[in-house]
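Notes for the structure review
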Amino acid sequence: MSLRYLTAGETHGPQLTAIIEGLPSNLTLDFEELNFQLHRRQKGYGRGRRMQIEKDTAQIVGGVRHGNTTGAPVAVVVENKDWTHWRNIMNVEPIEGTDEEKRRVHRPRPGHADLNGGLKYNLKDLRNVLERSSARETTVRVACGAIARQFLAEFGIKVAGQVIRIGEIEAPVHNLSIDELIEQTEASSVRVVDAETEKKMEAYIDQIKEDGDSIGGIVECIVEGVPIGLGSYVQYDRKLDARIAQGVMSINAFKGVEIGIGFEAGILRGSQVHDEILYSEEQGYYRASNRLGGFEGGITNGMPVVVRGVMKPIPTLYKPLQSVDIDTKEAFTAQVERSDACAVPAASVVMEHVVAWEIAKAFLEKFGGDSMDEIKANYNNYLAQLEKY
Ligand SMILES: Cc1cc2nc3c(=O)[nH]c(=O)nc-3n(C[C@H](O)[C@H](O)[C@H](O)COP(=O)(O)O)c2cc1C
Ligand SMILES: C=C(O[C@@H]1CC(C(=O)O)=C[C@@H](OP(=O)(O)O)[C@H]1O)C(=O)O
């Protein structure tokens, strides 16, 4: 059975829920580390007031005993603290009340799922759309990814993320190791490694917010220690770079994905793009560069996996754009809901976990087994095979 999960829950409902299937038994979970990852997603300069209300904590309500997975589906719950303020508005049972009391949404926000969702599901209260389309759902996606990340760590695979750009401001290129990158971005409010860029980005976000506007950016995820051979060229849906791209594109507000140098590959010559092959006794086969971001033929080549994603600006604007009231069809400005001005730093944490998930899934497909011991034996066997090749 391949690794998979489903999520359920609304942004202002009682909780988000995820059920993960396909995890092996005897994976020891570090709950503190899991909650640390949820906490990281909540941070980042430019977030709105909601993040001050929530204190995201994962409750594991199935599939784990005494800290270890059992092989059964793992069920994860994250409560919405804000629900206490929305209890009546979000009631499952019918309740009497005016539109105002029900916080009905009827002036769709351009760029959010409001209008498309309303038309598609024939919903006249667009709250029914935004409650589920909200990026609040990424909380439990991070919880699932954090478990995947712990699984990968058992095999020495490390995941880092950083912000490359917020609007007009670009972070300078650096040469840090993955451990240094993890440490330094962790200490930054915008998840960059130098203090000067951090200050510039903060001031820029302040200005955008003051203007009643929003801003997007570019984020990067790096995964080190990935073995050669995950994914496959033999079938379109087994290409791991393609699966990672789908995962990244599925994050709310993401509009594009690049692997390695990505779109630059359309500008440069072949001799400037392809990574030359080298061999040494200690390292085996390796590459002189990593422009292709760790992939050839949809298969990992042992170099770090490097993925970039672009996030558009947040659709909810405090100075709203033109829209149409779905009741009267009259021109109106879009509804204003409480909102972030910039969620790029938070989104980079989401991307790390989405990428970790896809790699863990491909890892399990290759070295699959029902327990950690079985997977480790399969993995070591494969490493020995590579060595003999
Ligand atoms: C971490 C994160 C936080 C977000 N916060 C908001 C927000 O506060 N307000 C908003 O309108 N959109 C926010 N978004 C973006 C919307 O969820 C997204 O634009 C919407 O679901 C429509 O989907 P699409 O942009 O992928 O087409 C956020 C996205 C992410 C990843
Ligand atoms: C709740 C989260 O992000 C939310 C994502 C979001 C949206 O429309 O996507 C809108 C906002 O919701 P609210 O109106 O309740 O403040 C964000 O706060 C979160 O990231 O946990």
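Along each chain, residue indices are assigned from 1 in the same order as the chain's sequence is written. Here every chain gets a letter starting at A, and every ligand a number starting at 1, in the order they are written. Reporting in this predicted model follows two pLDDT cut-offs: at least 70 for local features of residues, and 80 or more for side-chain atom pairs to be given and counted; totals over whole chains, interfaces and linings ignore these cut-offs and use all residues. Values shown for side chains rest on all heavy atoms present in the structure; no hydrogens or waters enter the calculation.

**Quick word on the site of ligand 2**
Basically, it comes down to this: The cutoff for a nearby residue is simple: one of its non-hydrogen atoms must lie within 4 Å of the molecule or strand. Throughout this description, a polar contact denotes any pair of N or O atoms lying within 3.5 Å of each other; where both atoms belong to protein, one of them has to be capable of donating a hydrogen while the other can accept it, and for residues adjacent in sequence the pair is counted only when both atoms sit in side chains. Throughout, the Shrake-Rupley method with a 1.4 Å probe supplies accessible areas, and for residues the shown protein chains are the sole cover considered. Residue polarity is assigned by list, with Asp, Glu, Lys and Arg as charged and Ala, Val, Leu, Ile, Met, Phe, Trp, Tyr, Cys and Pro as nonpolar; anything else, Gly included, falls into the polar class.
Around ligand 2, the neighbouring residues are His 12, Arg 41, Arg 47, Arg 50, Met 51, His 112, Ser 134, Ala 135, Arg 136, Thr 139, Arg 338 and Asp 340. In this structure, an oxygen atom belonging to ligand 2 sits 2.5 Å away from a side-chain N or O atom of Arg 41. Contacts to ligand 2 include His 112, whose side-chain N or O atom sits 2.7 Å from an oxygen atom. Burial of ligand 2 by the protein amounts to 90% of the accessible area it has alone, namely 460 Å². A class-by-class count of the residues in the shell around ligand 2 yields 2 nonpolar, 4 polar and 6 charged.

**Describing the site of ligand 1**
As a matter of local geometry, ligand 1 sits amid 17 residues, with Ala 253, Lys 312, Thr 316, Ser 339 and Asp 340 nearest to it. Contact between ligand 1 and Asn 252: an oxygen atom at 3.3 Å from a side-chain N or O atom of the residue. Its residues assigned to classes, the shell around ligand 1 comprises 7 nonpolar, 6 polar and 4 charged.

**Comments concerning the packing of aromatic side chains**
Centre-to-centre distance and the angle between the planes together describe a pair of aromatic rings. The following threshold applies: Here the aromatic set is Phe, Tyr and Trp, taking the six-membered ring for Trp, and pairing holds for ring centres within 6.5 Å; pairs whose planes are under 30 degrees apart are stacked, those over 60 apart are edge-to-face, and all others are tilted. Numbered from the N terminus, helices here are DSSP runs of H or I no shorter than four residues, and strands are runs of E no shorter than two. Each residue's exposure class comes from its accessible area (1.4 Å probe, protein chains only) as a fraction of the maximum for that residue type: buried when under 20%, exposed when over 50%, partly exposed otherwise. Placement of a charge over a ring requires the Lys NZ or Arg CZ to be within 6 Å of the ring centre, with the centre-to-atom vector within 35 degrees of the ring normal.
Scanning the entire structure with this criterion turns up 11 aromatic pairs. Here the aromatic rings of Tyr 285 and Tyr 389 are separated by 6.2 Å at their centres, their planes lie at 65°, and the arrangement is edge-to-face. With Tyr 285 in strand 13 (residues 284–287) and Tyr 389 in the segment after helix 12 (372–388), this pair connects stretches of sequence that are 104 residues apart. Exposure remark for Tyr 389: the relative accessible area of 74% places this residue in the exposed category. An aromatic cluster is defined as three or more aromatic residues linked by ring pairs; in this entry it consists of Phe 151, Phe 155, Phe 363, Phe 367, Tyr 379 and Tyr 382. In this structure, Lys 120 is placed above the aromatic ring of Tyr 121, and the distance from its NZ or CZ to the ring centre is 5.3 Å. Taking NZ or CZ as reference, Lys 366 lies 4.0 Å from the ring centre of Tyr 382, over its face.

**A look at the UniProt feature "binding site: NADP(+)" (unreviewed entry) in the chain**
Test applied: UniProt positions are given in the numbering used here, feature names are shortened, and annotations may be inferred rather than shown by experiment. Residues count as neighbours in contact if any of their non-hydrogen atoms are within 4.5 Å of one another.
Annotation from UniProt places "binding site: NADP(+)" (unreviewed entry) at Arg 41 and Arg 47. Mapped onto the elements of the fold, Arg 41 is located in helix 1 (residues 31–42). Setting aside chain neighbours within four positions, we find Arg 41 in contact with Arg 47, Met 51, Asp 56, Ala 135, Arg 136, Thr 138, Thr 139, Val 142, Ala 346, Val 349 and Val 350. Position of Arg 47 among the secondary structure elements: in the loop between helix 1 and helix 2 (50–53). The class of Arg 47 is buried, set by a relative accessible area of 15%. In this view, Arg 47 contacts Arg 41, Gln 42, Lys 209, Asp 340, Cys 342, Ala 343 and Ala 346; residues no more than four positions away in its chain are not counted.

**Quick notes on helix 4 (residues 114–121)**
Residues lying three or four places apart along an α-helix face the same way, a consequence of the helix completing one turn every 3.6 residues. Put simply, the rule is: The arc under discussion is defined with respect to the helix axis, by the directions toward the C-beta atoms.
Along helix 4, the positions that sit buried rather than exposed are Asp 114, Gly 117 and Gly 118. Considered in projection along helix 4, the buried side chains sweep an arc of 100° and stay on one side of the axis. Turned more than 90 degrees away from the buried face of helix 4, the exposed residues are Asn 116, Leu 119 and Lys 120. If you follow the buried residues of helix 4, they end up packed against helix 5 (127–133). Residue Asn 122 follows helix 4 closely and has a positive phi angle near 55°.

**Some words on the pattern of salt bridges**
The condition that has to hold: For salt bridges, the criterion is a side-chain nitrogen of Lys or Arg within 4 Å of an Asp or Glu carboxyl oxygen.
Using the criterion set out here, one finds 26 salt bridges in the structure. In this structure, the salt-bridge partner of Arg 47 is Asp 340, at a minimum N-O distance of 2.7 Å. Of this pair, Arg 47 sits in the loop between helix 1 and helix 2 while Asp 340 is found in the loop between strand 18 (331–333) and helix 11 (344–367), placing the two residues 293 residues apart along the sequence. Residue class for Asp 340 comes out buried when judged on its relative accessible area of 17%.

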